[in-house]
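Descriptive structure summary
Here is how the chains run, residue by residue.
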Amino acid sequence: MAVFRLPGRVYFVSDLEKQRLALKVFNCVKGKSHLETYLESDLSLLQKNSLPKLFASDQDEGELLKAVTPFMYLEKLKLTAVSRGKDRVSERELSLLGKGCSQYRWDTLNRFEKSLFISENFLRQRFKKGEGEILDYRNSLDVKDRHEFFRLRARKELK
């Protein structure tokens, strides 16, 4: 099921589910990550709900939109961070994220996990001051990269 579109790409529930599963690697980050600040969401909460199950259930559109919005913001950040030309995070940069992150080897991570580490590293390098700057940046990306949510559910009369 198609969920939203950003310039040049349509995102499906299966794409978002892979991204949700990749969030588990972020358990190694010490303290609150810049990504959590950017998303205004606890990453462990985002990991809990299976998106295909959520879309298959009788959730109303508001709940589905609330579940999908952090992933849309994450995709906007990934597009920006990866487009800056940095396509890898060094072992030293991984270890700076948290003691447990140094256990990961770049070549063994999948592309979703790599993009999370690249995005976190991008935010840490760019924003030293904290939350206000990060949220302003997210809002600027929201204006710059227009998105379109597809109709999340057909109206009940159409089922």
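What comes next is a walk through the structure.

Reading the values: the criteria
Residues numbered from 1 in each chain as written. Predicted model: local features only at pLDDT ≥ 70, side-chain atom pairs only at ≥ 80, totals over all residues. Heavy atoms only, no water. Pairing = 2+ DSSP bridges. Helix = DSSP H or I, 4+ residues; strand = E, 2+ residues; numbered from the N terminus. Phe/Tyr/Trp six-rings, centres within 6.5 Å; stacked < 30°, edge-to-face > 60°. Buried < 20%, exposed > 50% of the residue type's maximum accessible area, 1.4 Å probe, protein only. Lys NZ or Arg CZ within 6 Å of the ring centre and 35° of its normal. Expected span 1.5 Å × (residues − 1). Bend = angle between axes of the 7 residues up to and from the residue. Salt bridge = Lys/Arg side-chain N within 4 Å of Asp/Glu carboxyl O.

1. Examining the pairing of strand β2 (residues 9–12)
Taken together, the four bridges between strand β1 (residues 2–6) and β2 define a ladder with antiparallel strand orientation. Bridging from a neighbouring strand, A2 pairs with F12 of β2. Connecting the antiparallel pair β1 and β2 is a turn made up of two residues, with G8 showing a positive phi of about 90 degrees.

2. A closer look at the packing of aromatic side chains
Throughout the structure, instances matching the rule amount to five aromatic pairs. With 4.9 Å between their ring centres and 25 degrees between their planes, F4 and Y11 make a pair best called stacked. The exposure classification of F4 matches that of Y11, with both residues buried. Here Y104 and F117 contribute two aromatic rings whose centre-to-centre distance is 6.1 Å and whose plane-to-plane angle is 50 degrees, an arrangement assigned as tilted. Note that Y104 is positioned in the loop between α6 (91–97) and α7 (111–126) and F117 in helix α7, a separation of 13 residues in sequence. Residue F117 is classed as buried on the basis of its relative accessible area, which comes to 0%. Each member of the aromatic cluster is reached from another via a ring pair, and the members are F26, Y104 and F117. The aromatic ring of Y73 is capped on one face by R138, whose charged end is 4.4 Å from the ring centroid.

3. Focus: helix α5 (residues 61–83)
If you check α5, its first and last C-alpha atoms are 32 Å apart, about what 23 residues at 1.5 Å a residue would give, namely 33 Å. Its maximal kink placed at V68, α5 deviates by approximately 30 degrees, while the proline P70 follows within four residues.

4. Topic: the environment of E91
Mapped onto the secondary structure, E91 falls in helix α6. Among the residues examined, E91 registers a relative accessible area of 54% and is labelled exposed. For the pair E91 and N121, spaced 30 residues apart in sequence, the C-alpha to C-alpha distance is 12 Å.

5. Side note on the pattern of salt bridges
Under the criterion given, the structure shown has seven salt bridges. For R124, the salt bridge identified is with E120, shortest N-O distance 2.6 Å. Note that R124 and E120 are positioned in helix α7 at a spacing of four residues, about one turn of the helix.

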